Amino acid sequence: MTDAPVVFVVDDDPSVRSSLRFLLSTVGLQVESFDSADAFLRKKPAGVPSCLVLDVRLPGLSGIDIQRELAARNIPIPIIFLTGHGDIPMSVRAMKAGAVEFLTKPFRDQDLLDAIRIALERDRARREQAREVTDLERRFDSLTSREQQVISMLVSGMLNKQIAAQLGTAESTVKVQRSRAMEKMHAESLVDLVRMIEKIKGPSEKAS
Amino acid sequence: MTNETQGAQTADPLDLRNLIETMPTLALCALPDGSVEFVNRGWQEYTGCSLQQLSGWIWQTTIHPDDVAKFIDEWTVALAGGKPFQTEARIRRADRQYHWFLIRKALAVPRNQGSDSSWRTLITCEDINDRKEAQAKLQQSEAQLRAFLENSPNLIFLKDRLQGRYLYANKEFKRALRITEEQVEGKKDEELFSAQQAAVFQANDRLVIEAGVPMEFEEAALQPDGEHTSIVQKFPLLNAEGEIYAIGGIVTDITGRKQEESARRYSDERHRLVVETAPDAVVSVDESGVIQLANPATTRVFGYEPAELIGKPLTMLMPEFIRKVHEAGFSRYLATGQRHINWQGTELTGLRKNGQEFPVEVSFGELIKDGHRIFTGFIRDISERKLAEDKLRASERSLRELTETIPQMLWSAGTDGAIDYCNQRVLDYTGLSAEQVRGAGWMKSVHQDDIEKMTQVWTASVSTGEPFQYEFRCRRTADNAYRWCVSSALPLRDQDGRVIKWFGTVVDLHDRKEAQQALQMTQAELARVSRLTTMGELAASIAHEVNQPLTAVTNNSNACLRLLAAGNLQPEVLRRALEEIVADGNRASAVVARIRGFIKKKPAEKNRLNINDVIQEVLALADREIYENRVRLERQLTRALPLVSADRVQMQQVLLNLILNGIEAMAAVTNRPRSLCMQSRIDDSGDVLVAVRDSGTGLSPEAHRLFTPFFTTKTNGMGMGLSISRSLVESHGGRLWAEPNSPHGAVFCFTLPESGGSVS
């Protein structure tokens, strides 16, 4: 699996599409372009870091509709909007909905390239994080249920002695289970372990 | 008999007059020349005429014209000759009805005073009308009786009691015996039949005379065509004193019946088959009301198997409330023979096995079998018919109510164009009565300058069957003013396409017509404002469109610069980029070329408004186009829409543009309704969505270019409308797009973000 990023371009104007492809090729970016929202949505999600350069005004579904549709399908691809009509309310809506950038045509090439760089970086980080979480989850799943219990109690701040009392076992047993679990999770310290569990459980649980 | 007392001695005119006055009948005093000297009060009261009117010869005008000639002949002769006189004639009563009178000479009196020595004759007139009428009735009933006897298929005769001579024999009697009347009247049985037969007949006659009651005998008689067996019913005829004076007889020849017995069995079988397969329930009951027979159809009609019914009372097929009435009526009929209901097709209520009551139509028949009376009912379930009738009545009623309550003037006309109905509104408006409007009477309310042309147009429609429409001035009775109205009518056609009726409406559009003037000015103003803002928008739109090629030019140029900086610009790549740059530059300059002459954009004035209000305003503006193009308008406006923040005039422009486009797209449509549907609602994202649906020719394959400036599918279009509309909508943060409509036409939709707050 090559890690080369892809930039998707959706614009109904063929000149704009082809000039974008040319421009982005000069900085070594791979481009896939589409003339409508439907054409893009029919495509399978990419397995590599990617971002979407999207014209607001399109036949059929608009750029804003695509943004909504992608969110509904849980496809978190970063979006850079292009518009021929500098409209503040629309750009605000787009940005609120998570757009990386909102550029008015014609734009400075560096502005677009910067936005693309940020978008790809964001997507790469998201993928990295997702991969790490998957990895941690796999490790967590390899623990016995008693080890998972011990770790959960440990992360919530309980001492070995308290855990042993609650589980009705000896403190020495808890110590053994704890060190075995740390080893399986590749955790170097208790702090490290807490960070890992937080990643697995997601930010929502941490917040509560 | 004439009561004549000529030569009465002491008669004096005054006495005579007193005598006449005191007579209870009509009476008059006549002179020998036939003229009347005076009449009594009875006469005056009966005829309603005064004494003067009845004196002289004039009184004869009270005699019925048909009787007067004969009467005067007899009158003149009798008076002049001093002869007895009696005649019948009709005399006119005060109410102009004629009554029969017996008019006769009662008394002839000589005058014993002065030179006038002529006789006075007292005439009395007796009202015999009742007698005359009774006589006429009697004659009629006699004739009927004779006709009845003569035409009876039975042999009927009357014989004298004492001598046994025939007094009367009917036609059938004579036909059977091949004899004429002369040969029967006055003859005895011995002269017509053999001695042996005559002896049998006479013996039977004696039995009847002795018993004094009707009796029945089976008699054999030799007739010219062979021996006949007959049932003879003989009965005594009584005179006023109650003595038997004659024997009557009715002979029913059963010779043929015996021969037909086998044939009848066959017919019975066929009859049974009819009953068994009849669609109506057939139920027979005996005199006690117990069911003797029920056919299979009773199962369908009542839900009972025939076996369940036989032996049970008929009342089980009726609801409780009828049973008592039925039983009373039935026993009354058995006792008196009086029918209290119609035996043919009477509507009653039946009761099904499941307890359900339903309407039935019943016909009864009665026959006597083996001396017992059998009643048979044919019962038809008419629930469906009743239901249909009820429905029809209801729909008729509601239709009538509708035509009378509908707030519009309605009328209908026959195929000849004559008005045959109009609703109350027409009468209220015109002040004419229903009778006055009929035919061509409605023209009374039409302005005289319009009558000729309107009649012409109407006549043309009536003769061709083309829909009728005409604007005319109609007099309104309320203010006695002529007002502009439009009358329209469509023909109702039968299955063969022939016109059978015309239905029409009249609409007062005077206010509208006046408003039209004002509206036209408003429209002109709007057009001017529209042009101003349109041009401003046009400039914006063009600038927007220029941005596309500019973006491409910039991108291409920047890419080349980057490659150049990296020392990696291949001449081939450069040439291709430059070619694109040139193409896009040309494209941009073509667009820019059109900006010249356009004026500055007027800043939008955004207010919070209800888009439904704007839609209604624009529909009013487009009313003429909608009307003239015969477009059916439908509104599907959602009431509680959020307010939008928008420039009213710009929104009017967008809507007007879309509506006029829709109407134009339907101009070529002739084979289906031209319908324009205006919708407003909240879309999935909470924005206000407005849709304009038409049933026109639909979107072309080039539809994606619809919103491109200067693109047009119209022969005389500029190709800016949709492009500008889109710019306007987008400047409000909304979107404008087109979709195909189903099954025909196109839908143009636009959205506007809600501005917060909603319409109550």
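Residues numbered from 1 in each chain as written. Chains lettered and ligands numbered in written order. Predicted model: local features only at pLDDT ≥ 70, side-chain atom pairs only at ≥ 80, totals over all residues.

**Concerning the overall build of chain B**
A count of helical and extended segments in chain B gives 24 helices and 28 strands. Buried positions account for 27% of the 760 residues belonging to chain B. Taking all contacts inside chain B whose residues are at least 6 apart in sequence as the whole, residues at least 24 apart take part in 51%. (Helix = DSSP H or I, 4+ residues; strand = E, 2+ residues; numbered from the N terminus. Buried ≥ 20, exposed ≤ 12 C-beta atoms within 10 Å, placed from the backbone. Contact = placed C-beta atoms within 7 Å.)

**Considering the overall build of chain A**
The helix and strand inventory of chain A stands at 10 helices and 5 strands. Buried residues in chain A amount to 33% of all 208 residues. Taking contacts inside chain A between residues at least 6 apart in sequence as the whole, the part at least 24 apart equals 60%.

**Topic: the pairing of strand S3 (residues 50-55) of chain A**
Residue and element names in this part refer to chain A. Across the 6 residues of S3, 6 count as buried, placing the element largely inside the fold. Of the two faces of S3, the one holding Ser-50, Leu-52 and Leu-54 and the one holding Cys-51, Val-53 and Asp-55 are both buried throughout. Here strand S1 (residues 6-10) pairs with S3 via 5 bridges, running parallel. If you follow Val-10 over to S3, its bridge partner there is Leu-54. Bridge analysis of S3 against strand S4 (residues 79-83) gives 4 bridges, and the strand direction is parallel. Note that in S4 the partner of Asp-55 across the bridge is Leu-82. (Pairing = 2+ DSSP bridges.)

**Here's the deal with helix H8 (residues 171-184) of chain A**
Residue and element names in this part refer to chain A. For H8, which comprises 14 residues, the first-to-last C-alpha distance of 20 Å matches the rise-based estimate of 20 Å (1.5 Å per residue) to within 8%. Where H8 is concerned, the buried positions are Val-174, Gln-177 and Ala-181. Viewed along the axis of H8, the buried residues span an arc of 65°, placing them on a single side of the element. For H8, the exposed residues set more than 90 degrees away from the buried face come down to Ser-172, Ser-179 and Glu-183. Downstream of H8 by a residue or two, His-186 has a phi angle that is positive, lying close to 55°. (Expected span 1.5 Å × (residues − 1). Arc of directions from axis to C-beta.)

**Digging into the environment of Leu-51 of chain B**
All names here are of chain B. Looking at the element boundaries, Leu-51 is found in helix H3 (residues 51-54). Judged by local crowding, Leu-51 falls into the partly exposed class, with 14 C-beta atoms found within 10 Å. In sequence terms Leu-51 and Arg-41 are 10 residues apart; their C-alpha atoms lie 8.5 Å from each other.

**Considerations on the packing of helix H23 (residues 648-665) of chain B against helix H24 (residues 721-731) of chain B**
Residue and element names in this part refer to chain B. In contact at an axis separation of 9 Å, H23 and H24 are set at 145° when each is read in the N-to-C sense. H23 and H24 meet at a crossing whose hand is left-handed. Only Gly-721, Ser-725, Leu-728 and Val-729 of H24 make contact with H23, whose side of the interface consists of Gln-650, Gln-653, Val-654, Asn-657, Leu-658 and Asn-661. When its residues are assigned to classes, the contact of H23 with H24 shows 4 nonpolar, 6 polar and no charged. (Axes fitted to C-alpha atoms, helices over the stretch in contact; angles between N-to-C directions. Left-handed = near helix turned anticlockwise from the far one by under 90°. Nonpolar A, V, L, I, M, F, W, Y, C, P; charged D, E, K, R; others polar.)

**Looking at the environment of Cys-29 of chain B**
Residues and elements named next belong to chain B. With respect to the helices, strands and loops of the structure, Cys-29 is situated in strand S1 (residues 26-30). With 20 C-beta atoms packed within 10 Å, Cys-29 lands in the buried category. The spatial distance from the C-alpha of Cys-29 to the C-alpha of Thr-121 is 5.6 Å, given a sequence separation of 92 residues.

**Thoughts on the interface of chain B and chain A**
At the junction of the two partners, chain B supplies 23 residues and chain A supplies 20 residues. Where the side of chain B that touches chain A is concerned, the elements lending two or more residues are helix H19 (510-565) and helix H20 (571-593) of chain B. Sort the elements by how many residues they give to the side of chain B that touches chain A and H19 of chain B lands first, with 14 residues.

**A short note on the sheet that holds S4 of chain A**
All names here are of chain A. If you trace the 5 strands from one edge of the open sheet to the other, you get S2-S1-S3-S4-S5, paired in parallel fashion. Both outer strands of the open sheet, strand S2 (30-34) and strand S5 (101-104), are each paired with one neighbouring strand and no more. Mean inter-strand twist for the sheet, computed between neighbouring axes without regard to direction, equals 20°. Packing against the sheet, helix H5 (residues 109-141) makes contact with S1, S3, S4 and S5, and its axis sits at approximately 135° to S3.

**A closer look at the nonpolar core**
Residues Leu-54, Ile-80 and Phe-81 of chain A are the most contacted members of the largest nonpolar core, which totals 43 residues. Of all the elements, H19 of chain B adds the most residues to this core, at 6 residues. Ignoring any residue separated from it by four or fewer positions in sequence, one finds Phe-81 of chain A in contact with Leu-54, Val-56, Gly-63, Ala-94, Ala-99, Phe-102 and Leu-103 of chain A. (Core = buried A, V, L, I, M, F, W, Y, C linked by C-beta atoms within 7 Å.)

**Let's talk about the sheet that holds strand S20 (residues 499-508) of chain B**
All names here are of chain B. Reading across the sheet, the 5 strands line up as S17-S16-S20-S19-S18 and stay open at both edges, with antiparallel pairing between neighbours. Each edge of the open sheet carries a strand with a single partner, namely strand S17 (419-422) and strand S18 (468-476). Within this sheet the neighbouring strands show an average axis-to-axis angle of 30°, counted without direction. Where strand S19 (residues 481-493) lies against S20, 9 bridges are found, and the strand directions are antiparallel.

**Let's talk about the environment of His-228 of chain B**
All names here are of chain B. Among the secondary structure elements, His-228 is positioned in strand S9 (residues 226-238). Accessibility expressed as a C-beta count within 10 Å gives 17 for His-228, which makes it partly exposed. Counting along the chain gives 25 residues from His-228 to Asp-253, while the straight-line C-alpha distance between them is 6.8 Å.

**A look at the confidence of the model for chain B**
Residue and element names in this part refer to chain B. Of all residues in chain B, 81% attain a pLDDT of 70 or more, and the chain-wide mean is 79. In this model residues 1-11 is a low-confidence stretch, pLDDT under 50, and it forms 13 contacts with partners more than four residues away in sequence or in other chains. Predicted confidence is poor over residues 596-601, with pLDDT under 50, and the contacts of this stretch with residues over four places away or in other chains come to 11 contacts. (pLDDT = per-residue confidence, 0-100.)

**What to know about helix H14 (residues 320-336) of chain B**
The terminal C-alpha atoms of H14 of chain B, which comprises 17 residues, lie 25 Å apart, in line with the 24 Å expected from a rise of 1.5 Å per residue. Two residues or fewer past H14 of chain B, Gly-337 of chain B is found with a positive phi of approximately 75°.

**Thoughts on the confidence of the model for chain A**
Mean pLDDT over chain A works out to 85, with 93% of the residues at or above the 70 mark. Scored below 50 in pLDDT, residues 204-208 of chain A shows 2 contacts in the model against residues more than four places distant or in partner chains.

**Remarks on unusual backbone geometry**
Excluding glycine, a negative phi dihedral is what most residues carry, and trans is how most peptide bonds are arranged. Cis rather than trans, the peptide bond between Lys-105 of chain A and Pro-106 of chain A has omega equal to -15°. Looking along the chain, the bond that leaves Ser-742 of chain B and enters Pro-743 of chain B is cis, with omega of 0°. Locating Pro-743 of chain B in the fold gives a position in the loop between strand S26 (736-740) and strand S27 (746-752). Residue Arg-96 of chain B is not a glycine yet carries a positive backbone phi of 75°. You can see Arg-96 of chain B is positioned in the loop between strand S3 (86-92) and strand S4 (98-110). Judged by local crowding, Arg-96 of chain B falls into the exposed class, with 7 C-beta atoms found within 10 Å. Within the chain, Arg-630 of chain B stands out as a residue other than glycine whose phi angle is a positive 50°.

**Brief notes about the packing of helix H7 (residues 160-167) of chain A against H8 of chain A**
Residue and element names in this part refer to chain A. Running from N to C, H7 and H8 cross one another at 110°; their axes reach a closest spacing of 8 Å. With respect to H8, the element H7 is oriented roughly perpendicular. Taking contact as the criterion, the partners of Asn-160, Lys-161, Ile-163 and Ala-164 in H7 are, on H8, Glu-171, Thr-173, Val-174, Lys-175 and Arg-178. When its residues are assigned to classes, the contact of H7 with H8 shows 3 nonpolar, 2 polar and 4 charged. (Parallel < 35°, antiparallel > 145°, perpendicular 65-115°, else oblique.)

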